[in-house]
Structures are given as C-alpha cells and as structure tokens.
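Structure assessment
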Amino acid sequence: MSYFRENIERMVGYVPGEQPTDPKVVKLNTNENPYPPSERVLATLASVNAEQLRRYPDPTAVMFRETAANVLGFSPEQIICGNGSDELLNIATRAFVGPQGLMAYPVPTYSLYRTLAHIEDAGFVEIPFGPDWSLPEELYSTGAKLTLLCNPNAPSGTMIETDEVSHLAKKLDGVLIMDEAYVDFADNNCLELVDKHKNVLILRTLSKGYSLAGLRFGYGIGNRKLIAGLNKVKDSYNCDALSVLLATEAISDQEVMRENARKVRDERERLSERLQAVGFEVPESQANFLLARMPAGCALTAKQLYKQLKERDVCVRYMEQTHLADCVRITVGRPEQNETLLQMMRQVGVEI
Ligand SMILES: Cc1ncc(COP(=O)(O)O)c(C=O)c1O
C-alpha cells in the first residue's frame, strides 16, 4: 500500500547531475559557467543587512522585473521570476497542462520535461529531432496544450532559427515555451517573438550566462495575459530577498556576462575542433557544452570513457538515454580545465 498518487508511485524522478565536492575535480558535467559572477553581485551580497532578511521578500520581484525590462526592451508586466527556470517550467506545466492534458517536445532534450509531465499525470508526445537536429514536422500538429522547445537544445547545443520558431508558434493552438537557458552563449534568440505571438513564453536563467547556478533565479517573458495567469499559480514568495537583490545586480552588468560568454564561446570552438580532429562527432553548439559522439572504432564505449575520466577526477555527463548511449556531454571549461580533459582522454587511450 502506498500513500502516493499512482502516477507519483510509478515515476522515477529527475536525476540531477553529480555535484562532487572535492575541489580538485574538473567539473564539466552540469553546464555551470567556469568564470565567476560580476564583482558587483559579490559586493551587493557583502552589503546585505539584517532588515533585508527579517522581512518577507517582494512577492513579484519588482526590482528585478523593472531592471530586466529595461535591459531587454519589455515592460515589467511581461516578466515573471522564479526559483530557477526549473520552477517556471513547473509552474507552466501546472498552469497550462494539468492532469490528462498533453505536452509535446522534440527529443533528445532536457529530461525534466518528461518528469514534469509524470508529476502532473499529463500525457506527453516525444518526437525525435530530424537529421542534423532539425525541427520535426510532427511537432506542428500534436494538439498539445504546451509545446516545449529548448533552444539552444540540451544536450545537443544545436539551435532552431527564429523564423522557423515563429512559424511553429503561429501554427500551434497551445502555448509554446522556448527554454533559452543557454541563449547567452548563442548568436541569436527568440525575444522578438514575444510581441509577435501571444502564445510564446521565453524562459531564461541566471544559472549559466551569469554564473549564478547556486543562487537559483530564472525569469520568463511573455505577453501580459500569459504572465498574469502564471502569477496566479506561483507561490507568493517564490524568490527569496537575496536572490532578487543579486539577480538584479547581475542582469544590470551585461558587460561581465558578455565577456564571460565570449571566453566560453572561444573555448567551445577550440575544444570542438580538438575533439573532431580525433573522430568524435560533435554537432555545432550554440551553448556552453558539446555533445561528443564516440569516434568510430574507439576501443572505449562512452560509458567507459565517462568512468575512466571520473577515476582521474574529470567529471563529464553520461546519459543512458536512447540515441545518446554512445555520447558524452562536456561542459566547456576554462582553457586549463579543457586541457586536463584532453590530457586525461589521451591517458585512457583516446588518440588526442
Ligand atoms: C535546458 C535547461 N533548462 C532549464 C534548466 C534549469 O535551469 P535553472 O538553474 O534556472 O533551474 C537547465 C539546467 O541545467 C537546463 O539545462
């Protein structure tokens, strides 16, 4: 006998990437930014006083929404804040889908989408990406209440062009969530679609581009009606006072975010070339990670490579999902971290 709803009893639950605590581990497994956040964020953190902690936070994070609206060219009423963009995905599933509702998304992608469907006891349609990670035609006609498109996609890093996304948004009856968690490392984004399509909700995070994964802060941008509806579903105080304060400082400092993203992008190209030179198949990434398919004829499987790197204190991500069993996903680190990765790969028998 179980106390849980049947769907909860049946489901497995999302398995986050490992978080090793040993500082000597070269951690390239959960797509954190390898560079520190803006100094201004740290200075603001140091100035926090007791009164800011004694009081409840602002329920709708006006300070952040006004600043972000200014930076991005929207109005504060078009923005909602969340405890990481994961929380906003959760709120959106509850708000738009519900039990027996239908969600749709191309796969392989961020596996949390399926977990959220399981929690909600919703149906889900998973449509394989086309060759070269193109948008599958079937996504246009699922009839889903919520369609999700991770762009750049995780774990491939590939991106669908804005015009194509616009076409999809126009055709869909339901809401289209663009998960732009990695967009700060990309050439383009879909912000222009917010004012073009009333069903588009863009989700962003400060975890990646702004180097604040430990803070837990994300935000969504959509039309006012969409945002007003989502506000009814969220917890009153879903973002704590510190995260609102520090996220506001972080988004005001676009220069630091851009400079860190530039360094990551440069390293991404260098690392991708090095991996491809020895036969790894690596799709063109617009994110801060690379999906590397094992070289044909390599004596190691991807799982063995992951394990042997781990024994040498280099942590990459291995996902035992269909279509990805012969791949590892590698977060782009600082140059010396990437060198260590390549050196350890050589040590375990990959001809780098
Ligand atoms: C595709 C994608 N979306 C959303 C998130 C969640 O980000 P956050 O840290 O803001 O919850 C992640 C985290 O890794 C991600 O990979």
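Residues numbered from 1 in each chain as written. Predicted model: local features only at pLDDT ≥ 70, side-chain atom pairs only at ≥ 80, totals over all residues.

Examining the packing of helix α5 (residues 85-96) against helix α8 (residues 224-233)
Across the interface, α5 lies against α8 with an axial gap of 9 Å and an inter-helix angle of 100 degrees. As summarised for this structure, α5 and α8 are arranged roughly perpendicular, according to the angle between their axes. Contacts from Ile91, Ala92, Arg94 and Ala95 in α5 reach Gly229, Leu230 and Val233 in α8. (Axes fitted to C-alpha atoms, helices over the stretch in contact; angles between N-to-C directions. Helix = DSSP H or I, 4+ residues; strand = E, 2+ residues; numbered from the N terminus. Parallel < 35°, antiparallel > 145°, perpendicular 65-115°, else oblique. Contact = placed C-beta atoms within 7 Å.)

So, the environment of glycine 220
Position of glycine 220 relative to the elements: it lies in strand β8 (residues 218-221). In the structure, glycine 220 is positioned 76 residues away from alanine 144 in sequence and 20 Å away in space, judged by C-alpha atoms.

Some points on the pairing of strand β5 (residues 146-150)
Of all 5 residues making up β5, 5 are buried, and the element is well covered by its neighbours. Across the two faces of β5 the burial is the same, with Leu146, Leu148 and Cys150 and Thr147 and Leu149 all buried. Of the pairings in the sheet, the one linking strand β3 (residues 102-107) to β5 comprises 2 bridges and is parallel in character. Residue pairing for β5: methionine 103 is matched across the bridge by leucine 146. Alignment of β5 against strand β6 (residues 175-179), held across 5 bridges, turns out to be parallel. For leucine 148, the partnering residue across the bridge sits in β6 and is isoleucine 177. Tracing the backbone out of β5, into helix α7 (residues 162-171) and back to the parallel element β6 gives a crossover that is right-handed. (Buried ≥ 20, exposed ≤ 12 C-beta atoms within 10 Å, placed from the backbone. Pairing = 2+ DSSP bridges. Right-handed = clockwise from strand over helix to strand, strands pointing away.)

Section: the domain arrangement of the chain
As assigned here, the chain comprises domain 1 (6-30 + 255-347) and domain 2 (39-254). Averaged C-alpha coordinates put domain 1 and domain 2 at centres separated by 24 Å. Between domain 1 and domain 2, the residue contacts involve 27 residues of the former and 26 residues of the latter. Where the side of domain 1 that touches domain 2 is concerned, the elements lending two or more residues are α1 (6-10), α10 (254-277) and β9 (289-293). Considered class by class, the residues forming the side of domain 1 that touches domain 2 number 14 nonpolar, 8 polar and 5 charged. (Domains from an automatic or database assignment. Nonpolar A, V, L, I, M, F, W, Y, C, P; charged D, E, K, R; others polar.)

Some details on the environment of arginine 54
Its place among the elements puts arginine 54 in helix α3 (residues 50-54). Distance from arginine 54 to alanine 247, taken between C-alpha atoms, is 19 Å for residues 193 residues apart in sequence.

Let's talk about the site of the ligand
Residues in close proximity to the ligand total 13 residues, the closest being Gly84, Asp86, Ala181, Thr205 and Ser207. When its residues are assigned to classes, the shell around the ligand shows 5 nonpolar, 6 polar and 2 charged. (Near = placed C-beta within 6 Å.)

Observations regarding unusual backbone geometry
Cis rather than trans, the peptide bond between valine 107 and proline 108 has omega equal to 0 degrees. Following the sequence through the fold, proline 108 ends up in the loop between β3 and α6 (112-120). Here the phi dihedral of asparagine 31 falls at roughly 60 degrees; this positive angle occurs in a residue that is not glycine. Note on placement: asparagine 31 falls in the loop between β1 (26-27) and α2 (39-46). The phi dihedral of aspartate 313 is positive, around 65 degrees, even though this residue is not glycine.

Considerations on the pairing of strand β11 (residues 327-331)
Most of β11 is tucked away: 5 of the 5 residues are buried. Where burial is concerned, the two faces of β11 agree: the one with Cys327, Arg329 and Thr331 and the one with Val328 and Ile330 are both buried. Bridge count between β9 and β11: 5 bridges; the pairing is antiparallel. By the bridge assignment, leucine 290 is partnered in β11 with isoleucine 330.

Considerations on the sheet that holds β8
Ordered in space as β2-β8-β7-β6-β5-β3-β4, the 7 strands form an open sheet in which the pairing is mixed. Edge strands, defined here as strands with exactly one partner in the open sheet, are β2 (79-82) and β4 (123-128). Across the sheet, the mean angle separating the axes of adjacent strands is 20 degrees when strand polarity is ignored. Where strand β7 (residues 200-205) lies against β8, 4 bridges are found, and the strand directions are antiparallel. When the sheet's bridge partners are listed, threonine 205 is paired in β8 with glycine 218. Packing of helix α4 (residues 62-72) onto the sheet brings it into contact with β2 and β8, and relative to β2 it is tilted by some 125 degrees.

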